[in-house]
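Structure assessment
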Amino acid sequence: MLAHLALLALAASQSPPPALPPSQSESRPPSSAPAARASSPAPAPKQSRPQVPATKPSSPPPAAAPAGKPSPSPRPAPVSPPPRPSPAPATPVPAAPRLAPKPSPPASPAPTPKQSPSPASPAPPQPSPNSTPSTTSTLGQLSPSFYAQSCPGVELAVRDVVRSASLLDPSIPGKLLRLVFHDCFVEGCDASVLIQGNGTERTDPANLSLGGFNVIDAAKRLLEVVCPATVSCSDIIVLAARDAVVFTGGPAVPVTLGRRDGLVSLASNVRRNIIDTGFSVDAMASSFTAKGLTLDDLVTLSGGHTIGSAHCNTFRERFQVANGSMTPVDGSMNTDYANELIRACSANGTVAAGTAVDCDAGSASVFDNRYFANLLDGRGLLRTDAVLVQNATTRAKVAEFAQSQDGFFASWAESYARLTNLGVKTGADGEIRRTCSSVNG
């Protein structure tokens, strides 16, 4: 049902690609998105020579401006393009949009790279050459418009699937947000957490309570119909978690795309990389620093707990459990809040470890800054939440976000971008899986 709903919306967005000239559409191999990006610029420069108007809009770098200035002077040149491309004058018109989205992130010289890549413009080679495979750097490799030609409706498709699933199950947004954390912190953002099988990341006890896999699978099935072997599962996770935040009232942040799916998924890699709910600030800071993230990122991304829930056994160290009763042992916890948790987790003289409790009391279905105000009031659910106000540096950031939701949202956009760029595989690394739960056979 999710795929059918999204397919209707996606059909409209798929109309632009058919207008592309045959020479350009044939240059895109269906087997892999990065390859399509590498091959498509080659035919484009041939037509872009006479077609000066296309170079004028794409002149971000000052170096490209002179290149565009001389060519407008021969004004008759735009009249001669029709003979160049074998079709009628209509051919140059689609060629311009073809060039614009392709190099938009780092490459204005893309229209003239064929004979003049040497003039100090390393930007064009970066997006196209997938010949630099083993890099985890995302600069020049990932792009917001990575699928602009190969699958222009990808964001709409994922957004519709997430929205439909969230309407049916309000717990989905929190599950998707947790999923992206558990994926990116282990082996990087490569969808390794999705792989099923003995000894995979998914089988580790820390990941047994993960959810949202059905949403990722539904989005992938839909995209395989309209853009086969093009969109990676790792990009779908990043988009789905972003859209989950938007669905619950959070900021719509731009994301870069072009990740490839990993080939390795080992349960033994999980525990040494994932944040445990009993960690101190120092332990969390050490883990974040090892991945190139900061204390500000730690506080900001912890704000993701503003949506979703956690099982009673994830915070049981904050209570003494004996004879089926719970007694608070964490003096930093608000007394009323502690009693609420005891009532929620205790039933008939037993502790219901699998019972779910909202992470953000009173606001667990809305992505907002209430989480930070709750921390200052001693109402943090997990120990990793509560300790954020016990460290002077992190407490100052918590207080700042409690006062300004706009400040939290702005910081979230930056920290989410850094999180989703961890350990990214590009170029020849990894693959584009046909099914997200298993590597290609």
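Residues numbered from 1 in each chain as written. Predicted model: local features only at pLDDT ≥ 70, side-chain atom pairs only at ≥ 80, totals over all residues. Heavy atoms only, no water.

Under an unreviewed UniProt entry, the name given to the protein is peroxidase, and the organism recorded is Digitaria exilis. According to its UniProt record, the protein has this under Function (unreviewed entry): "Removal of H(2)O(2), oxidation of toxic reductants, biosynthesis and degradation of lignin, suberization, auxin catabolism, response to environmental stresses such as wounding, pathogen attack and oxidative stress. These functions might be dependent on each isozyme/isoform in each plant tissue." (UniProt positions renumbered as here; feature names shortened; annotations may be inferred.)

Some details on the UniProt feature "binding site: heme b" (unreviewed entry) in the protein
Cross-referencing UniProt, the feature "binding site: heme b" (unreviewed entry) maps to H305 in the present numbering. Tracing the chain through its elements places H305 in the loop between helix 12 (295-302) and strand 1 (309-311). The class for H305 is partly exposed, based on a relative accessible area of 28%. With residues up to four places along the chain from it excluded, the contact list for H305 reads C359, D360, Y371, L382 and D385. (Helix = DSSP H or I, 4+ residues; strand = E, 2+ residues; numbered from the N terminus. Buried < 20%, exposed > 50% of the residue type's maximum accessible area, 1.4 Å probe, protein only. Contact = heavy atoms within 4.5 Å.)

Considerations on helix 13 (residues 335-345)
Among all positions of helix 13, only Y337, A338, L341, I342 and C345 are buried. Down the axis of helix 13, the smallest arc covering the buried residues is 145°, so these residues share one side. Exposed residues pointing more than 90 degrees away from the buried face of helix 13 are listed as T335, D336 and R343. Regarding helix 13, its N-cap is N334, as a side-chain oxygen of that residue lies 2.9 Å from the backbone nitrogen of D336 further along. (Arc of directions from axis to C-beta. Polar contact = N/O pair within 3.5 Å; in protein donor to acceptor, adjacent residues only side chain to side chain.)

Here's the deal with helix 16 (residues 392-403)
Between its first and last C-alpha atoms helix 16 spans 17 Å; for 12 residues at 1.5 Å apiece the expected length is 16 Å, and the two agree. Burial in helix 16 covers these residues: T394, K397, V398, F401 and A402. The buried residues of helix 16 occupy an angular sector of 140° when projected down its axis, which confines them to one face. Counted as exposed and oriented over 90 degrees from the buried face of helix 16: A392 and Q403. In this fold, the buried residues of helix 16 make contact with helix 11 (281-290), helix 12, helix 14 (370-376) and helix 17 (405-419). (Expected span 1.5 Å × (residues − 1).)

Observations regarding the layout of surface pockets
In this structure, the largest pocket occupies an estimated 1200 Å³ of space. Forming the walls of the largest pocket are 46 residues, and the residues nearest its centre are R178, H182, T277, H305 and L382. Mapped by element, the contributors of at least two residues to the lining of the largest pocket are helix 8 (172-184), helix 11, helix 12, strand 1, strand 6 (356-358) and helix 15 (383-386). In terms of residue count, the dominant contributor to the lining of the largest pocket is helix 8 (7 residues). Among the residues making up the lining of the largest pocket, the classes are represented as 22 nonpolar, 18 polar and 6 charged. (1 Å grid on protein atoms, 1.4 Å probe; cavity = no way out; pocket = protein on both sides within 12 Å on 5 of 7 lines; lining within 4 Å. Points joined across faces, edges and corners; volume = space filled by probe spheres on them. Nonpolar A, V, L, I, M, F, W, Y, C, P; charged D, E, K, R; others polar.)

Observations concerning the packing of helix 11 against helix 12
Running from N to C, helix 11 and helix 12 point in directions that differ by 105°, and their axes come no closer than 9 Å. Here helix 11 lies roughly perpendicular to helix 12, going by the angle between them. Packed against helix 11, whose contacting residues are V281, M284, A285 and F288, the element helix 12 presents L295, D297, L298 and L301 at the interface. Within the contact of helix 11 with helix 12, the residues separate by chemical class into 7 nonpolar, no polar and 1 charged. (Axes fitted to C-alpha atoms, helices over the stretch in contact; angles between N-to-C directions. Parallel < 35°, antiparallel > 145°, perpendicular 65-115°, else oblique.)

Details of the pattern of salt bridges
Using the criterion set out here, one finds 12 salt bridges in the structure. D243 is paired through a salt bridge with R242; the nearest N and O atoms lie 2.8 Å apart. We note a salt bridge from D297 to R418, for which the minimum N-O separation is 2.8 Å. Remark: R418 occurs in helix 17 and D297 occurs in helix 12; sequence separation between them is 121 residues. Accessibility expressed as a relative area gives 0% for D297, which makes it buried. According to the relative accessible area criterion, R418 is partly exposed, its value standing at 38%. Overlapping salt bridges, with partners in common, bring together E155, R242 and D243 in one network. (Salt bridge = Lys/Arg side-chain N within 4 Å of Asp/Glu carboxyl O.)

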